[in-house]
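Residues per chain, in single letters:
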Amino acid sequence: VKLISNITKMQEISEARALEKKRIGFVPTMGYLHQGHLQLVEKSVADNEITVASVFVNPTQFGPEEDYDEYPRDLDRDLDLLQERGVDYVLYPDVEDVYPEGFATYVQVEKGTDVLCGRSRPNHFKGVTTVVSKLFNMVKPHRAYFGQKDGQQLLIIRRMVQDLNMDIEVVACPTVREEDGLALSSRNKYLSPEEREAALIIYNTLQKTRERIEEGERDGWALKKAMEEAIKAEPLANLDYASIVSRDYLQELSRIEGPIMIAIAAFIGSTRLIDNVWLEVE
Ligand code: PAF
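Let me sum up the structure you'll find in this document. Everything numeric here is computed off the predicted structure, so don't read it as measured data. (Residues numbered from 1 in each chain as written. Predicted model: local features only at pLDDT ≥ 70, side-chain atom pairs only at ≥ 80, totals over all residues. Heavy atoms only, no water.)

1. Some points on the site of the ligand
Moving on, step 1. The ligand sits among P28, T29, M30, N58, Q61, V131, V132, D150 and Q153.
Moving on, step 2. The contact in question runs from an oxygen atom of the ligand to an N or O atom on the side chain of Q153, over 2.7 Å.
Moving on, step 3. In isolation the ligand has 290 Å² of accessible area, and contact with the protein removes 90% of it.
Moving on, step 4. Looking at the shell around the ligand, the elements that each hand over two or more residues are β2 (24-29) and α6 (124-139).
Moving on, step 5. Split into classes, the residues belonging to the shell around the ligand amount to four nonpolar, four polar and one charged. (Near = heavy atom within 4 Å. Polar contact = N/O pair within 3.5 Å; in protein donor to acceptor, adjacent residues only side chain to side chain. Areas by Shrake-Rupley, 256 points an atom, 1.4 Å probe, with all protein chains shown as cover. Helix = DSSP H or I, 4+ residues; strand = E, 2+ residues; numbered from the N terminus. Nonpolar A, V, L, I, M, F, W, Y, C, P; charged D, E, K, R; others polar.)

Spelled out as structure tokens, the structure:
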């Protein structure tokens, strides 16, 4: 695997590979890789002649009170994991090169970004769509891989790619879970053993809600209330949101129908975790 920090160099490599008619798959990450990321990488390596992964902890998607400085980082370990999976290039740009002095341009999707995670993290998705656009311009991929675990992010990036006519196929990959159902996340490492146990309330509540919908419940507010109560009943959990939304513009549904996402965010101790499941409801 080749580590590339220089953005122009990355663009030159991608142009040369594309001229050789090689398909480029791209997996953007913030590093500290787990099986969830590696699944995206494996899919890209299987689907494309060239795979580029990026490791960049993007400051513009963290709020002032959030964990940008403490966000876990381990480049050597990440490089070993990416090398083992057959990744060709790792883009690892400097913050000063991505956001040089005078930087003043942002990409903002105007629907679906101020709900769910966007409500408690006001500029988060603006930071995500900006950096993903920039990374796309650096890597020039044919396909880009995103996890369904960050469901809102995935839907917003799809919207951006469609709205801005970006010639990139967005590939969604299912959430990877621990055996008991907890979604893998770089932030799980912050959990104490008791919190790790308590964190399961998120997936269990999503599952329970899915079952109730499959059994015929269509009242969105009743389902939302039941989710909120279930999370509040766990002493170590502090609810951020529990919502059932449409998958087009992430509107909360009073009546459950169509392609939907059931989504929960909660603090377990001081660690904020998110998870979601997708359903097609007749
Ligand atoms: O999902 C992530 O890790 C980040 O939001 C992403 C897509 C790499 C952009 O910084």
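Next comes the rest of the account.
2. Points about the side chain of S133
Moving on, step 1. When you line up the elements, S133 lands in helix α6.
Moving on, step 2. Under the relative-accessibility criterion, S133 is labelled buried at 7%.
Moving on, step 3. In this structure S133 touches V107, M160 and M166, once residues within four positions along its chain are discounted. (Buried < 20%, exposed > 50% of the residue type's maximum accessible area, 1.4 Å probe, protein only. Contact = heavy atoms within 4.5 Å.)

3. Focus: the pattern of salt bridges
Moving on, step 1. One pass over the full model with this rule turns up 20 salt bridges.
Moving on, step 2. When the shortest N-O distance is used, the salt bridge between E20 and R17 registers 3.0 Å.
Moving on, step 3. With a shortest N-O distance of 3.0 Å, R272 and D240 are connected by a salt bridge. Remark: D240 occurs in strand β7 (residues 237-246) and R272 occurs in strand β9 (residues 271-281); sequence separation between them is 32 residues.
Moving on, step 4. Three or more residues joined by partner-sharing salt bridges are found here, namely R17, E20 and K22. (Salt bridge = Lys/Arg side-chain N within 4 Å of Asp/Glu carboxyl O.)

4. With respect to the side chain of S54
Moving on, step 1. Within the secondary structure layout, S54 lies in strand β3 (residues 50-55).
Moving on, step 2. Using a relative accessible area of 0% as the deciding quantity, one classes S54 as buried.
Moving on, step 3. Residue contacts for S54: discarding those within four places in its chain leaves F26, V27, P28, T29, L91 and L135.

5. Some words on unusual backbone geometry
Moving on, step 1. Positive phi, normally seen in glycine, also occurs at N165, with a value near 50°.
Moving on, step 2. Looking at where N165 falls in the secondary structure, it is placed in the loop between α7 (151-163) and β6 (169-173).
Moving on, step 3. One non-glycine residue, L250, adopts positive backbone phi at about 60°.
Moving on, step 4. Mapped onto the elements, L250 comes out in the loop between β7 and β8 (258-268).

6. Remarks on the packing of α6 against α7
Moving on, step 1. α7 packs onto α6 with a crossing angle of 55° between their chain directions and a minimal axis gap of 11 Å. Taken as axis vectors, α6 and α7 run oblique relative to one another. For the pair α6 and α7, the crossing hand works out as right-handed. Across the interface between the two elements, F125, V128, T129, V132, S133 and F136 from α6 touch Q152, Q153, I156, I157, M160 and V161 from α7.
Moving on, step 2. Counted by class, the contact of α6 with α7 contains eight nonpolar, four polar and no charged residues. (Axes fitted to C-alpha atoms, helices over the stretch in contact; angles between N-to-C directions. Parallel < 35°, antiparallel > 145°, perpendicular 65-115°, else oblique. Left-handed = near helix turned anticlockwise from the far one by under 90°.)

7. Quick notes on the environment of L81
Moving on, step 1. Turning to its location among the elements, L81 is positioned in helix α3 (residues 75-84).
Moving on, step 2. Given a relative accessible area of 16%, L81 falls into the buried group.
Moving on, step 3. Along the backbone, L81 and V41 are 40 residues apart, and their C-alpha atoms lie at a distance of 9.9 Å.
Moving on, step 4. If sequence neighbours within four positions are ignored, L81 has contacts with L33 and L38.

8. A closer look at the layout of surface pockets
Moving on, step 1. Volume-wise, the largest pocket comes out at about 260 Å³.
Moving on, step 2. Taken together, E66, D67, S120, R121, R187, Y190, D240, F267, S270, T271 and R272 make up the full set of residues lining the largest pocket.
Moving on, step 3. Here the lining of the largest pocket is composed, by residue class, of two nonpolar, three polar and six charged.
Moving on, step 4. Considered as a void within the structure, the second largest pocket measures approximately 200 Å³ in volume.
Moving on, step 5. What lines the second largest pocket is a set of 15 residues, and nearest its centre among them are V55, F56, V57, R73 and Y92. (1 Å grid on protein atoms, 1.4 Å probe; cavity = no way out; pocket = protein on both sides within 12 Å on 5 of 7 lines; lining within 4 Å. Points joined across faces, edges and corners; volume = space filled by probe spheres on them.)

By themselves these figures say nothing about function.
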